[in-house]
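Read off the chains here:
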Amino acid sequence: MSPSRPVEAFGPEHADVYECMYRARGKDWEAEAEDVARRVRSAAPGSSSLLDVGCGAGAHLEVLSGLFDHTEGLEPAEAMRDRARRRLPSVPVHAGDMRDFDLGRLFDAVTCLFTSVNYVRSVAELRDAVRRMAAHLVPGGVLIVEPWWFPERFLDGHVAGDLVRRDGRTIARVSHSTRAGRATRLEAHWVVAEASGVRAFTETEYLMMFTEGEYREAFTSAGCEVDFHEGWLTGRGLFVGVRGQGRVRT
Ligand SMILES: C[S@@+](CC[C@H](N)C(=O)[O-])C[C@H]1O[C@@H](n2cnc3c(N)ncnc32)[C@H](O)[C@@H]1O
C-alpha cells in the first residue's frame, strides 16, 4: 500500500466513496427527502418546483425529482456534480456557490441539506447564502436548511470508525473531530482495498458551527419567517422558513 495522501474534500477520490460509506453508517437519503417534501407541502401546499443547494451527488434530488414536477440542483464540486448529472440526466444541476448564485428563476421550495450551508466561512457568509437561497423563492415559498451541530451540542474530540464491503471493495474510514475556533475540523482517514490494490488517503473538512440565533437572524434578514424543527432524522434538526411577500434584498 502506498503512503496515505491528502485529497480534496468532495474531490474525485472522496466522491467515489462518500455515498457508499454514509449509507453503511445508516444515512437514509430517501426517508429524509420524503420527510422534507412533506414539510414543504405542509408549509406551502401545492408546491411543485424545488431547488436543492449543495446537492452533492444528488441522493436527495433523486427522490425529490419524483415528488415535485420540476427540480434543479446547485453544486460547486465537479466530482459530486458529475455524479448528480449522471444519476439524474433530466434534472439541471448547476455549477455554483450558494453565497453568490443567480439562476434567473424562482422555485416554490429551496433545500440545503446535510450541512452544506456549514461549509461557508463566517456568519456574514451564512447571511449571504441564506439571502441568495431566499431570493430564489416565490413569495410564500419554503426554505429548508439542515444545520451542523450548534456549538453547545458539539462533542469535541469525537471519533468514529466504519468498515463497508460492497461491489468487490472494502472501505474503511476513521475520523476525528475537534473544535477549531467557530468551526469543527473533521479529519477522515480512508483505506480502500479493491482488486487492483490498496490505497489510502486523508480528507479534512471545516464546518462552521453557527448558533440557533445566527441561523434565525440569517432567515429573518432574508425576509423569511423561520421555525426550528428539533431533532429530525439526523438529530441535528431543520430550519424551516417561509418567504414573506416582500422582495428579498440582494
Ligand atoms: C456533506 S455534503 C452534502 C451533499 C448533499 N446535500 C447530500 O445530502 O449528500 C456538502 C456539500 O456542500 C457542497 N458545498 C460546499 N460549499 C458550498 C458552497 N459554497 N455552495 C454550495 N455548495 C457547497 C459540497 O461541495 C458538498 O457537495
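Residues numbered from 1 in each chain as written. Predicted model: local features only at pLDDT ≥ 70, side-chain atom pairs only at ≥ 80, totals over all residues.

Q: Hey, could you go over the overall build of the protein chain for me, with residue numbers and the actual values?
A: Scanning the protein chain from N- to C-terminus turns up 6 helices and 12 strands. Its C-alpha atoms give the protein chain a radius of gyration of 18 Å, near enough to 18 Å, the size a compact globule of 250 residues would have. The buried share among the 250 residues of the protein chain stands at 36%. The long-range fraction of contacts in the protein chain, counting pairs at least 24 apart against all pairs at least 6 apart in sequence, stands at 61%. (Helix = DSSP H or I, 4+ residues; strand = E, 2+ residues; numbered from the N terminus. Rg over C-alpha atoms; globule rule 2.2 N^0.38 Å. Buried ≥ 20, exposed ≤ 12 C-beta atoms within 10 Å, placed from the backbone. Contact = placed C-beta atoms within 7 Å.)

Q: Let's hear about unusual backbone geometry: which residues, and what values?
A: Positive phi outside glycine occurs at threonine 115, with the angle close to 65°. Within the fold, threonine 115 resides in the loop between β5 (107–112) and α5 (123–134). What makes threonine 115 partly exposed here is the crowd of 19 C-beta atoms within 10 Å. Backbone geometry at tryptophan 232 places phi at a positive 55°, although glycine is not the residue there. In this structure tryptophan 232 comes out as partly exposed when scored by C-beta crowding, with 17 C-beta atoms within 10 Å.

Q: Please set out the site of the ligand residue by residue, giving values where relevant.
A: Surveying the vicinity of the ligand reveals 20 residues, the closest of which are Gly54, Gly56, Phe114, Ser116 and Tyr119. Counted by class, the shell around the ligand contains 12 nonpolar, 5 polar and 3 charged residues. (Near = placed C-beta within 6 Å. Nonpolar A, V, L, I, M, F, W, Y, C, P; charged D, E, K, R; others polar.)

Q: Residues and numbers for the sheet that holds strand β11 (residues 224–229), please.
A: Taken in spatial order, the 7 strands line up as β4-β3-β2-β5-β6-β12-β11 in an open sheet, and their pairing is mixed. Single-partner strands in this sheet number two, and they are β4 (93–94) and β11. The pairing of strand β6 (residues 137–145) with strand β12 (residues 238–243) spans 4 bridges and is antiparallel. In the strand pairing of β12, leucine 143 is matched with glycine 241. (Pairing = 2+ DSSP bridges.)

Q: Quick one: what's the story with the packing of α5 against helix α6 (residues 212–221), residue by residue and with numbers?
A: Where α5 contacts α6, the axes come no closer than 9 Å and their chain directions differ by 40°. When the interaxial angle is binned, α5 and α6 end up oblique. Two packed elements cross with a definite hand, and for α5 against α6 that hand is right-handed. Mapping the contact onto sequence places Val123, Leu126, Arg127 and Val130 in α5 and Glu214, Ala218, Phe219 and Ser221 in α6. (Axes fitted to C-alpha atoms, helices over the stretch in contact; angles between N-to-C directions. Parallel < 35°, antiparallel > 145°, perpendicular 65-115°, else oblique. Left-handed = near helix turned anticlockwise from the far one by under 90°.)

Q: So what about the domain arrangement of the protein chain? Which residues, and what values?
A: Each assigned domain of the protein chain is listed with its residue range as follows: domain 1 (5–20 + 151–208) and domain 2 (24–150 + 210–243). Within the residue set of the side of domain 1 that touches domain 2, elements represented by two or more residues are α1 (12–24), β7 (158–166) and β10 (197–208). Among the elements that take part in the side of domain 1 that touches domain 2, α1 stands out by supplying 5 residues, more than any other. Taken together, the residues of the side of domain 1 that touches domain 2 break down into 10 nonpolar, 2 polar and 4 charged. (Domains from an automatic or database assignment.)

Q: Explain the nonpolar core to me, using residue names and the numbers behind them.
A: Counting residues in hydrophobic clusters, the biggest one holds 60 residues, and the most contacted among them are Val53, Val110, Val130, Met133, Leu143 and Ile144. The residue makeup of this core includes at least three contributed by each of domain 1 (5–20 + 151–208) and domain 2 (24–150 + 210–243). Among all residues touching methionine 133, those that are not within four sequence positions of it are Val53, Met98, Val110, Cys112 and Leu143. (Core = buried A, V, L, I, M, F, W, Y, C linked by C-beta atoms within 7 Å.)

Q: Hey, could you go over the pairing of β12 for me, with residue numbers and the actual values?
A: The buried fraction of β12 amounts to 5 of the 6 residues, a majority that puts the element mostly inside the structure. Judged from the 6 bridges that link them, β11 and β12 form a sheet pairing that is antiparallel. Counted as the bridge partner of aspartate 227 is valine 240 from β12.

Q: Pulling in residues and values, what's your account of the packing of helix α2 (residues 29–43) against helix α3 (residues 59–67)?
A: At a minimum axis distance of 8 Å, the contact between α2 and α3 shows a crossing angle of 45°. With respect to each other, α2 and α3 are oriented oblique. Remark: the crossing between α2 and α3 carries right-handed chirality. In this structure, α2 contributes Trp29, Glu30, Glu32, Ala33, Glu34 and Ala37 to the contact, and α3 contributes Ala59, His60, Val63, Leu64 and Leu67.

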